[in-house]
Amino acid sequence: GESVGLHLPTLSVQEGDNSIINCAYSNSASDYFIWYKQESGKGPQFIIDIRSNMDKRQGQRVTVLLNKTVKHLSLQIAATQPGDSAVYFCADGGGTSYGKLTFGQGTILTVHP
Amino acid sequence: DSGVTQTPKHLITATGQRVTLRCSPRSGDLSVYWYQQSLDQGLQFLIQYYNGEERAKGNILERFSAQQFPDLHSELNLSSLELGDSALYFCASSGRGEGGQETQYFGPGTRLLVL
């Protein structure tokens, strides 16, 4: 029979552009969020995290914004490079003391040279 | 390289069989997590161990079990395998706390194909 798969959102950008990847979460008690990058054939790679007492955090070429009011998270990548092409996942660390992560469906980022 | 190792990298087996996936956490990490990534379900949490004890359980089937050994490596056992168990299985580890709100670092995964 026909297989059913997740239909991931896609984002195509030109090299050098800024990219913005969005994520919505549902658990209002969540207080820890992480962005991961997954390249083909590899495991998720940590990019940046943010706790709920912050609304913005910056890393190297990346910025994460957290809007708790609307339960929205975004990842901004500055000066996107072809090596940034991957699937990007947001993960919700929940509001408990344990470490279960709930992952979003992912966004495919393609960077054209 | 995250420092988390998983073996084997690929596994092909038949329905009804049993397999064991192995994970070694980063040096010093006490928590180990297992996740399943499939085309139709995405990345899903299966189970967490902290210093040898089960800490949290997610969408893990009764046919699946895991354990963490005194040297902190972990094994995920999958039995009575079905076609739908074909997926990528990832192990992650995190620091010295009980896993709450600590960065999880993922291994390269084991790709399981059930024929």
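First, a word on what this report is: a plain description of the structure on this page. (Residues numbered from 1 in each chain as written. Chains lettered and ligands numbered in written order. Predicted model: local features only at pLDDT ≥ 70, side-chain atom pairs only at ≥ 80, totals over all residues. Heavy atoms only, no water.)

### Here's the deal with the overall build of chain A
Thought 1: Counting its regular elements, chain A contains 0 helices and 10 strands.
Thought 2: Reading chain A from its N end, one meets helices and strands in the order β-β-β-β-β-β-β-β-β-β.
Thought 3: In terms of overall dimensions, chain A is globule-like: its C-alpha atoms have a radius of gyration of 14 Å, near the 13 Å expected for 113 residues.
Thought 4: Its C-alpha atoms give chain A principal-axis dimensions of about 45 × 40 × 25 Å.
Thought 5: Relative to its 113 residues, chain A shows a buried fraction of 39%.
Thought 6: Once local pairs closer than 6 in sequence are excluded, the contacts in chain A between residues at least 24 apart make up 55%. (Helix = DSSP H or I, 4+ residues; strand = E, 2+ residues; numbered from the N terminus. Rg over C-alpha atoms; globule rule 2.2 N^0.38 Å. Buried < 20%, exposed > 50% of the residue type's maximum accessible area, 1.4 Å probe, protein only. Contact = heavy atoms within 4.5 Å.)

### Some details on the pairing of strand β2 (residues 10–13) of chain B
Residue and element names in this part refer to chain B.
Thought 1: Of the two faces of β2, the one lined by Leu11 and Thr13 is fully buried and the one lined by His10 and Ile12 carries no buried residue.
Thought 2: Inspection of the sheet shows β2 paired to strand β11 (residues 110–114) by 4 bridges, in the parallel sense. Within β11, the residue paired with isoleucine 12 across the bridge is leucine 113. (Pairing = 2+ DSSP bridges.)

### A look at a nonpolar patch on the surface
Residues and elements named next belong to chain B.
Thought 1: On the surface, a cluster of nonpolar side chains totalling about 310 Å² of accessible area is made up of Ile12, Leu113 and Leu115.
Thought 2: Summarising the element assignment, leucine 113 is placed in strand β11.
Thought 3: In this structure leucine 113 comes out as partly exposed when scored by relative accessible area, which is 37%. (Patch = residues over 30% accessible without salt bridge, like charges linked within 9 Å, V, L, I, M, F, W, Y side chains within 5 Å. Areas by Shrake-Rupley, 256 points an atom, 1.4 Å probe, with all protein chains shown as cover. Salt bridge = Lys/Arg side-chain N within 4 Å of Asp/Glu carboxyl O.)

### Description of unusual backbone geometry
Thought 1: A cis geometry characterises the amide bond from Thr7(B) onward to Pro8(B), with omega recorded as -10°.
Thought 2: Tracing the chain through its elements places Pro8(B) in the loop between β1 (5–7) and β2.
Thought 3: Located in the positive-phi region is Lys71(A), a residue other than glycine, with phi close to 55°.
Thought 4: Here Lys71(A) shows up in the loop between β6 (62–67) and β7 (72–77).

### Thoughts on the packing of aromatic side chains
Thought 1: For the coordinates displayed, the defined rule picks out 12 aromatic pairs over all chains.
Thought 2: Taking 5.7 Å as the distance between ring centres and 90° as the angle between the ring planes, the aromatic pair formed by Phe103(A) and Tyr35(B) counts as edge-to-face. With Phe103(A) in strand β9 (residues 102–103) and Tyr35(B) in strand β4 (residues 31–38), this residue pair bridges two chains. Take Phe103(A) and Tyr35(B): they sit in the same class, and that class is buried.
Thought 3: For the pair Tyr35(B) and Phe45(B), a centre-to-centre distance of 5.6 Å together with 65° between the ring planes defines the contact as edge-to-face. (Phe/Tyr/Trp six-rings, centres within 6.5 Å; stacked < 30°, edge-to-face > 60°.)

### What to know about the nonpolar core
Soluble globular proteins tend to pack their nonpolar side chains together in the buried interior.
Thought 1: If you look at the biggest cluster of nonpolar residues, it comprises 21 residues, and the most contacted ones within it are Leu21(B), Trp34(B), Leu76(B), Leu78(B), Tyr89(B) and Leu112(B).
Thought 2: If you list the elements that add at least two residues to this core, you get β3 (19–24), β4, β5 (42–50), β7 (64–68), β8 (74–78), β9 (87–94) and β11 of chain B.
Thought 3: Here Leu76(B) is in contact with Val19(B), Thr20(B), Leu21(B), Trp34(B), Leu46(B), Ile60(B), Ser65(B), Ala66(B) and Tyr89(B), once residues within four sequence places are set aside.
Thought 4: If you look at the next biggest cluster of nonpolar residues, it comprises 19 residues, including Val13(A), Val62(A), Leu73(A) and Leu109(A). (Core = buried A, V, L, I, M, F, W, Y, C linked by side-chain atoms within 4.5 Å.)

### Considerations on the sheet that holds β7(B)
All names here are of chain B.
Thought 1: Taken in spatial order, the 4 strands line up as β1-β3-β8-β7 in an open sheet, and their pairing is antiparallel. Here the strands that pair on one side only, and so sit at the sheet edges, are β1 and β7. Put simply, the sheet's adjacent strands are angled 15° from each other on average, direction ignored.
Thought 2: Both β3 and β8 contribute to a ladder of 5 bridges, which runs antiparallel. (Axes fitted to C-alpha atoms, helices over the stretch in contact; angles between N-to-C directions.)

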